[in-house]
Amino acid sequence: MAQIGRVQQLWRFPVKSMAGEVTSEVELTPDGVHGDRAFALMDTQSGRVVSAKDVRHFPDLLRYRAAYVSPPATGAQLPPVRITLPDGSEVRSDDPDANLRLSRALGREVHLVRDAPADYTVEQHHPDLGAKEVPSGPVKTVTTKLGSALFAQLGVPSPVAQGRLVDALPVSLLSLSTLARMELLQPHLRFERERFRMNVIVEPTDPEEAESAWIGHALLLGAAAHVQVQIPAPRCVMVTRSQAEVSEDLGVLRALAQHDRLPVPALGMVPCCGTYATVTVRGTLRVGDAVAMN
């Protein structure tokens, strides 16, 4: 394998669709980053997993920040999650009134869950990017299958276990070369890494190399962990939403639709940024570790 970069940053997102935590070390397992997307909120009324893709009902979800009270360790029970609300108050996942407080803050009755339902479905808003960028025309709100339910719908074996709260594949990777390229093409926009909610941020050895070159290849991450990069990461309205230090900007998605539309199985040509991978050999990954490709 030839070295193609180094791990520049690692992210873990304890609660689906909430802001996550930067960490210096993670454990990569067949399920992905240990502790990543381990919790979610369930909307009691709809019976669906709460997602920031649903901008109609949960417009501020990305302003909620989730972090473990202590680092999660493989083989042990996950520690509680501390959720910081937009007003600065905190709720822990093990607080007896956690669901009540989160429901009041969000204005809808919700409760924390640890597993996705078998028919894992979310409501997703598709912004109108214009017929030029989206040949099918504007679509406002649709329901979307995620996780193992998505692969069941496609009629193919699922690379994620039923109950996992990830959107598609277990782990996500992003090259800083992609963000730099987009900023050169659209200098009036800001392509902050936080927008894309990836697990592994790679600083490439060759700043001109596109991360699409990883697709179909095995990567060695650190001393032991191996991943197989499968597909580009398709992008939706979430990359446009405001977060704690990120402003709302539909232009980011328009720019990806213009400059980074790639083929994704079952979806066709769609805006992409980052890659999705499966974990073939588990291992510990640390900031500064080498990334090599076969």
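Because the structure is a prediction, the values reported are computed rather than measured. One numbering rule holds for all chains: residues counted from 1, following each sequence as written. Since the coordinates come from a predicted model, pLDDT governs what is reported: local features require at least 70, and pairs of side-chain atoms require 80 or more to be given and counted, while whole-chain, interface and lining totals use all residues. In computing side-chain values, all of the structure's heavy atoms are included and hydrogens and water are not.

Caption draft 1: Expanded view of the environment of Ala 52. Helix numbering and strand numbering both begin at the N terminus, where a helix is a DSSP run of H or I of at least 4 residues and a strand a DSSP run of E of at least 2. On the secondary structure map, Ala 52 appears in the loop between β5 (40–43) and β6 (65–68). C-alpha separation for the pair Ala 52 and Arg 63, spaced 11 residues apart in sequence, amounts to 10.0 Å. When near neighbours in sequence (up to four residues on either side) are disregarded, Ala 52 contacts Ser 17, Phe 58, Leu 61, Leu 62 and Met 238. Residue contacts follow a heavy-atom distance rule, with two residues in contact if any of their heavy atoms lie within 4.5 Å.

Caption draft 2: Fine view of the state of the cysteines. The disulfide criterion is simple: two cysteine sulfur atoms within 2.5 Å. Inspection of every chain in the model, using the stated rule, returns zero disulfides. Summary of cysteine pairing: Cys 272 is not part of a disulfide, and the nearest cysteine sulfur, belonging to Cys 273, is at 8.7 Å.

Caption draft 3: Fine view of helix α1 (residues 98–106). Relative accessibility decides the category of a residue: with a 1.4 Å probe and only protein chains considered, values under 20% of the type maximum give buried, values over 50% give exposed, and everything between is partly exposed. Along α1, the residues that are buried comprise Ala 98, Leu 102, Ser 103 and Leu 106. Along the axis of α1, the buried positions cluster into a sector of 125 degrees, meaning they face one direction only. Contact partners of the buried residues in α1: β5, β7 (81–84), β8 (90–92) and β9 (110–113). Relevant arc is that of directions from the helix axis to the C-beta atoms, nothing else.

Caption draft 4: Layout of the nonpolar core. Judged by nonpolar contacts, the single largest core of 28 residues is most densely connected at Leu 174, Leu 179, Phe 191 and Phe 196. Among the elements of the structure, α3 (176–185), β15 (225–234), α4 (251–259) and β17 (268–281) are those that each provide at least two residues to this core. The contact partners of Leu 179, leaving out residues within four places of it in the chain, are Leu 174, Phe 191, Arg 193, Phe 196 and Cys 273. Within the second largest apolar cluster, 25 residues are counted, among which are Ala 52, Phe 58, Leu 62 and Met 238. Definition used in this section: a nonpolar core is a set of buried Ala, Val, Leu, Ile, Met, Phe, Trp, Tyr and Cys residues joined via side-chain atoms within 4.5 Å.

Caption draft 5: Spatial organisation of the sheet that holds strand β3 (residues 25–29). In spatial order, the strands read β4-β3-β18; together these three strands make up an open sheet with antiparallel pairing. Each edge of the open sheet is held by one strand with a lone partner, namely β4 (32–33) and β18 (283–286). Here, any two strands with at least 2 DSSP bridges between them count as paired. In this sheet, β18 lies alongside β3 in antiparallel orientation, the contact comprising four bridges. By the bridge assignment for β18, Glu 25 is matched with Arg 286.

Caption draft 6: Looking closely at the pattern of salt bridges. One side-chain nitrogen of Lys or Arg within 4 Å of one carboxyl oxygen of Asp or Glu is enough to make a salt bridge. Per the stated rule, a full pass over the model turns up 14 salt bridges. Across the pair Lys 16 and Asp 167 runs a salt bridge, and its minimum N-O distance is 2.6 Å. Of this pair, Lys 16 sits in the loop between β1 (2–12) and β2 (21–23) while Asp 167 sits in the loop between α2 (147–154) and β12 (171–175), and the two are 151 residues apart along the sequence. Residues participating in the shared-partner salt-bridge network are Lys 16, Lys 53 and Asp 167.

Caption draft 7: Geometry of the layout of surface pockets. Put simply, the second largest pocket is a space of about 300 Å³. For the lining of the second largest pocket, the elements supplying multiple residues, two or more each, are α3 and β17. The leading source of residues in the lining of the second largest pocket is α3, at five residues. Gly is put with the polar residues, along with every residue not named as nonpolar or charged; the nonpolar set is Ala, Val, Leu, Ile, Met, Phe, Trp, Tyr, Cys and Pro, and the charged set is Asp, Glu, Lys and Arg. Looking at the lining of the second largest pocket, its residues break down into seven nonpolar, six polar and five charged. Cavity and pocket criteria rest on a 1 Å grid covering protein atoms alone: a 1.4 Å probe that fits but cannot get out defines a cavity, protein on both sides within 12 Å along at least 5 of 7 lines defines an open pocket, and an atom within 4 Å of a point defines a lining residue. Grid points are joined across faces, edges and corners, and a volume is the space filled by probe spheres set on the points.

Just distances and angles here, no functional claims.
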